[in-house]
Amino acid sequence: KAQLGFYDRGNKIKELPVSSSINAVMGVSFSSLSRLQGDEEHFHDSARKIFLLWGFVMWPVMMGLICVAGDMFRFLLPEVWMPTVPYIQILSLAGLLAPLSVISYNIVKIKSDGNMIFRIEVVKKAIATIVLIITIPISVKAIAWGQVIIFVSDMLVNALTAHRYSPRWTLWARTKDLLPYIFATGVMVGVLAVITMLTASWAAGWVLLVKVLAGVVVYCGVNALFRFEAWQEMMTILKGYVKKN
């Protein structure tokens, strides 16, 4: 019962950035892409832009959560909740897959019929059931890793099906799109690891503050230095918003 409680708390914390972003992006991307479904060129470019911007934000957020989860719990909650940290770290890996999975699913919903949606849902639920049957008897932590496997399988099914309806939408192309932000996130994680070693004797609150600030500065700094596409697009959006207001 205790392990299930830790799992549940970890899953709820992971869901805060994941579910809120999924709900927002699903609605916006579905409506905007639906209007472009007759123009394959603009349809693909718009889907790619949404994917890039979401991946640009989601990767540092989820990896940052993995890096600061221990400090966050030490600062905010009693010691008894510390066993929740590994569950947050495991489950947060699934959030990295959300951009590709959700955008791919929206492409399928827009371009296919109800029969295809039904078929891929049957496949995904069958995989999830098999994973749960295997992991439940092992341990609660195995269930957490099983959830990551389920997210990976969902992403693969959605992306491969989307490729059927939008040939330029491929796993390799989307992986290449994300590589700059994976690199920037990797640099950020490396800096946070160094900070963890240098601040081992500090109070949890100060460590958390330093890590969050350093993570934001390093990630934005790498993107600004190399002028990655999503960074420039985000700056254009922010400048337009500021000018408008």
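All values derive from a computational prediction rather than experimental measurement.

A. Here's a closer look at the nonpolar core. Grouped together as the largest cluster of nonpolar side chains are 58 residues, with contacts concentrated most on Trp54, Phe56, Phe73, Ile103, Ile107, Trp169 and Tyr181. Top element by residues in this core is helix H2 (residues 40-76). It accounts for 17 residues. Residues in contact with Ile107, not counting those within four places in the same chain, are Phe43, Ala47, Ala162, Ser166 and Trp169. By size, the runner-up hydrophobic cluster in this structure holds 9 residues, among which are Phe6, Tyr87, Leu91 and Val148.

B. How the structure looks around the side chain of Ser166. In this structure, Ser166 sits in the loop between helix H6 (140-165) and helix H7 (171-198). Judged by relative accessible area, which is 1%, Ser166 ranks as buried. Other than its neighbours up to four places away in sequence, Ser166 contacts Glu40, His44 and Ile107.

C. Up close: the layout of surface pockets. Volume-wise, the largest pocket comes out at about 370 Å³. Lining the largest pocket are 18 residues; nearest its centre among them are Pro60, Val61, Gly64, Met188 and Val216. Where the lining of the largest pocket is concerned, the elements lending two or more residues are helix H1 (2-34), H2, H7 and helix H8 (204-226). Counting residues per element, the lining of the largest pocket draws most heavily on H2, at 7 residues.

D. Structural detail: unusual backbone geometry. In this model, Arg227 sits at a positive phi of 50 degrees, which is unusual for a non-glycine residue. One can find Arg227 in the loop between H8 and helix H9 (229-244).

E. Focus on the packing of helix H5 (residues 114-135) against H6. One can describe the packing of H5 onto H6 by two numbers: an axis separation of 9 Å at closest approach and a directional angle of 160 degrees. The angle between the axes of H5 and H6 places the two elements in the roughly antiparallel class. Helix-helix and strand crossings are classified by hand; for H5 and H6 the assignment is right-handed.

F. H7, seen in detail. Counted at 1.5 Å a residue, the expected span for H7 with its 28 residues is 40 Å, and the 39 Å between its end C-alpha atoms agrees. Residues of H7 that are buried: Ala173, Arg174, Asp177, Leu178, Tyr181, Ala184, Thr185, Met188, Leu192 and Ile195.

Cut-offs used in this document
- Residues numbered from 1 in each chain as written.
- Predicted model: local features only at pLDDT ≥ 70, side-chain atom pairs only at ≥ 80, totals over all residues.
- Heavy atoms only, no water.
- Core = buried A, V, L, I, M, F, W, Y, C linked by side-chain atoms within 4.5 Å.
- Buried < 20%, exposed > 50% of the residue type's maximum accessible area, 1.4 Å probe, protein only.
- Helix = DSSP H or I, 4+ residues; strand = E, 2+ residues; numbered from the N terminus.
- Contact = heavy atoms within 4.5 Å.
- 1 Å grid on protein atoms, 1.4 Å probe; cavity = no way out; pocket = protein on both sides within 12 Å on 5 of 7 lines; lining within 4 Å.
- Points joined across faces, edges and corners; volume = space filled by probe spheres on them.
- Axes fitted to C-alpha atoms, helices over the stretch in contact; angles between N-to-C directions.
- Parallel < 35°, antiparallel > 145°, perpendicular 65-115°, else oblique.
- Left-handed = near helix turned anticlockwise from the far one by under 90°.
- Expected span 1.5 Å × (residues − 1).

Taken by themselves, the reported measurements are silent on function.
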